[in-house]
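If you want the building blocks of each chain, they are given just below.
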Amino acid sequence: MVDFARYDVRNYPTLPVREGYEAWAPSYEATVLDLMDLRLAGRLTSIDWAAASPVLDFACGTGRIGQWMRAQGAGPIDGVDLTPAMLARAAERGVYRELKVGDVGATGYPAGAYALVTQSLADEHLASLEPVYAEAARVTRADGRFVLIGFHPFFLMAGVPTHFNAAPGEPTAIESYVHLTSDHVAAAGRAGWRLKEMVEGLVDDAWVAAKPKWEAYRDRPVSFAMVWEKT
Ligand SMILES: C[S@@+](CC[C@H](N)C(=O)[O-])C[C@H]1O[C@@H](n2cnc3c(N)ncnc32)[C@H](O)[C@@H]1O
């Protein structure tokens, strides 16, 4: 892990995770594009979403991926997240069976209960990857899988942190760390996971159409999705 500050070229003011997402929650849905994570989820071939039951969604936030998974036929789905304001929006969607405030490293959900654990766009906020892989291994069945989708480390290394506008013209970053793919493989391996599938998303025409300034990042990897199975 390397602190994002090592790569920062924008030097936005930076908030701790819960404080940042409490402030971002009202505008979060309007700013995060499905291209970042849901398009990658749809490319995974080793997950039968319709057969995934039950599912636990780590760092579920406002429930974007929960809604997407329900639309694919997955469920029931439980969720856990550090930030009450994000969870309040997930609750409004009505797609989760149960939602808890908690940390992905110690969710309090029962051991061996889930066929699938998901986590989308949250690993960059974790100082260490060990707890999340260990907790995913604890709560999944022996044949369970863990889908982790993340903001690409190359994009963070280009100096772009996870950020939002706290007020018009006030970009604000949220505490972030850079984890290499090998950091994921090592932490996951120690928790008893092996990599089944991985896909990466590049900044392409669809991204540039949605965010014209991202022409500067065309063809760079912006996000990744990993499917882990138990060894
Ligand atoms: C970018 S949002 C992603 C939310 C949702 N998964 C999505 O894709 O829209 C990151 C979320 O991770 C949550 N988060 C960050 N660190 C966490 C931790 N250690 N435990 C639980 N949730 C965490 C934040 O509260 C926030 O809701």
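Preceding block: the structure.
The present account deals with the structure reproduced in this document. Keep in mind that this is a model prediction, so the values were computed, not measured.

### Considering the site of the ligand
Point 1. Inspection of the region around the ligand gives 21 residues, with Ala-59, Gly-61, Leu-82, Thr-83 and Ala-122 positioned closest.
Point 2. Those elements that place two or more of their residues in the shell around the ligand are α1 (17–31) and α3 (64–72).

### Quick word on the packing of α1 against helix α4 (residues 84–93)
Point 1. Between α1 and α4, the least distance of the axes is 7 Å, while the angle of their chain directions is 35°. Residues Tyr-21, Glu-22 and Ala-25 of α1 lie in contact with α4, whose contacting residues are Ala-85, Met-86 and Arg-89.
Point 2. Here the residues of the contact of α1 with α4 are counted per class, giving four nonpolar, no polar and two charged.

### Re the sheet that holds strand β2 (residues 14–15)
Point 1. Overall, mixed pairing links the three strands, which are arranged β2-β9-β8 in an open sheet. Of all the strands in the sheet, just β2 and β8 (163–165) have a single pairing partner and so form its edges.
Point 2. Alignment of β2 against strand β9 (residues 171–174), held across two bridges, turns out to be parallel. Directly across from Leu-15, in β9, lies its bridge partner Ile-174.
Point 3. Packed onto the sheet, α1 meets β2, β8 and β9 and runs at close to 120° relative to β9.

### Side note on helix α2 (residues 34–41)
Point 1. Along α2, the positions that sit buried rather than exposed are Asp-37, Leu-40 and Ala-41. Viewed along the axis of α2, the buried residues span an arc of 105°, placing them on a single side of the element.
Point 2. Of the surrounding secondary structure, the elements contacted by the buried residues of α2 are α3, β6 (114–120), β7 (140–151), β11 (193–202) and β12 (221–230).

### So, the nonpolar core
Point 1. Counting 62 residues, the largest nonpolar core has Val-55, Phe-58, Val-117, Tyr-133 and Val-147 as the members making the most contacts within it.
Point 2. Here Val-147 is in contact with Leu-44, Ile-47, Leu-116, Thr-118, Ala-225 and Val-227, once residues within four sequence places are set aside.

### A few points about the sheet that holds β11
Point 1. The strand order across the open sheet built from seven strands is β5-β4-β3-β6-β7-β12-β11, with neighbouring strands paired in mixed fashion. Looking at strand neighbours, the two that pair on one side only are β5 (98–101) and β11, the edges of this open sheet. Sheet twist, expressed as the mean angle between neighbouring strand axes with direction ignored, is 15°.
Point 2. In the sheet, β6 pairs with β7 via six bridges, with the strands oriented parallel. For Thr-118, the partnering residue across the bridge sits in β7 and is Val-147.
Point 3. Sitting on the sheet, helix α7 (residues 181–190) is in contact with β11 and β12, with an inclination near 155° to β11.

Conventions used here
- Along each chain, the written sequence defines residue order, and numbers are assigned to residues from 1.
- Two thresholds apply to this predicted model, a pLDDT of at least 70 for residue-level local features and 80 or more for giving and counting side-chain atom pairs, whereas whole-chain, interface and lining totals are computed over all residues.
- Throughout this description, a residue near a molecule or strand is one whose C-beta atom, derived from the backbone, lies within 6 Å of it.
- Secondary structure follows DSSP: runs of H or I at least 4 residues long count as helices, runs of E at least 2 residues long count as strands, and numbering of each begins at the N terminus.
- To get an axis, a line is fitted to the C-alpha atoms, and for a helix only the part in contact is used. The angle between two axes follows their N-to-C directions and goes from 0 to 180 degrees.
- Any pair of residues counts as being in contact when their C-beta atoms, constructed from backbone geometry, are within 7 Å of one another.
- Residue polarity is assigned by list, with Asp, Glu, Lys and Arg as charged and Ala, Val, Leu, Ile, Met, Phe, Trp, Tyr, Cys and Pro as nonpolar; anything else, Gly included, falls into the polar class.
- Any two strands with at least two DSSP-identified bridges between them are counted as paired.
- Here a residue counts as buried when 20 or more other C-beta atoms fall within 10 Å of its C-beta, as exposed when 12 or fewer do, and as partly exposed in between; the C-beta atoms come from the backbone.
- Our arc is simply the arc of the directions from the helix axis toward the C-beta atoms.
- To form a nonpolar core, buried Ala, Val, Leu, Ile, Met, Phe, Trp, Tyr and Cys residues must be joined through C-beta atoms within 7 Å.

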